[in-house]
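Architecture and fold: a report
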Amino acid sequence: MTPHVCRYCDGVITDSADAVAVAHDMGNSGPGWTVWAHRDHAHLVEIIDPDLLRIMTRIWVARRSESSPPA
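**Things to note about the overall build of the chain**
In terms of helices and strands, the chain carries one helix and four strands. Relative to its length of 71 residues, the chain is extended, with a C-alpha radius of gyration of 18 Å against a globular reference of 11 Å. For the chain, the spread of C-alpha atoms along the principal axes amounts to about 60 × 30 × 15 Å. For the chain, the proportion of its 71 residues judged to be buried stands at 14%. Taking the intrachain contacts of the chain between residues at least 6 apart in sequence as the baseline, contacts between residues at least 24 apart amount to 31%. With the model as given, the accessible surface of the chain reaches about 5800 Å², and the carbon-plus-sulfur share is 56%.

Take a look at the structure:
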């Protein structure tokens, strides 16, 4: 088995029974890769990049305010 790295703690997952697939990152060219975490860390992994979420939230708010009629 290829060793996996935990997305939460960056530690190597040595026991295959402890490895949990938490997401799949798409690649720009190719199939992408599976994101792994220790079983105890799986619920702690942030799936959405916080910077991306902040930027998208600003875009969604701006679009919503443009489409809302003035009160």
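**Regarding the pattern of salt bridges**
Opposite charge on two side chains allows them to pair when their charged atoms are near. In this structure the tally under the stated criterion is two salt bridges. Note that Arg 7 and Asp 25 form a salt bridge whose closest N and O atoms lie 2.9 Å from each other. Taken together, the positions of Arg 7 in the loop between β1 (4–5) and β2 (12–13) and Asp 25 in strand β3 (residues 19–25) put the pair 18 residues apart, joining distant regions of the chain. Judged by relative accessible area, Arg 7 falls into the partly exposed class, the value being 36%.

**Here we look at the nonpolar core**
Counting five residues, the largest nonpolar core is built from Cys 6, Ile 13, Ala 19, Ala 37 and Val 45. Non-local contacts of Ile 13, meaning those with residues more than four positions away in its chain, are made with Pro 3, His 4, Val 5, Cys 6, Asp 18, Ala 19, Trp 36, Ala 37 and His 38.

**Some points on empty space enclosed by the protein**
Counting across every chain of the model gives one cavity of 30 Å³ or more. Roughly 30 Å³ of internal volume is contained in the largest cavity. If you go around the largest cavity, the residues you meet are Arg 7, Ala 23, Asp 25, Val 35, Val 45, Glu 46 and Ile 47. Class assignment for the residues of the lining of the largest cavity results in four nonpolar, no polar and three charged.

Basis of the calculations
- Residues numbered from 1 in each chain as written.
- Predicted model: local features only at pLDDT ≥ 70, side-chain atom pairs only at ≥ 80, totals over all residues.
- Heavy atoms only, no water.
- Helix = DSSP H or I, 4+ residues; strand = E, 2+ residues; numbered from the N terminus.
- Rg over C-alpha atoms; globule rule 2.2 N^0.38 Å.
- Buried < 20%, exposed > 50% of the residue type's maximum accessible area, 1.4 Å probe, protein only.
- Contact = heavy atoms within 4.5 Å.
- Areas by Shrake-Rupley, 256 points an atom, 1.4 Å probe, with all protein chains shown as cover.
- Salt bridge = Lys/Arg side-chain N within 4 Å of Asp/Glu carboxyl O.
- Core = buried A, V, L, I, M, F, W, Y, C linked by side-chain atoms within 4.5 Å.
- 1 Å grid on protein atoms, 1.4 Å probe; cavity = no way out; pocket = protein on both sides within 12 Å on 5 of 7 lines; lining within 4 Å.
- Points joined across faces, edges and corners; volume = space filled by probe spheres on them.
- Nonpolar A, V, L, I, M, F, W, Y, C, P; charged D, E, K, R; others polar.

Function cannot be read off these values alone, since they describe shape.
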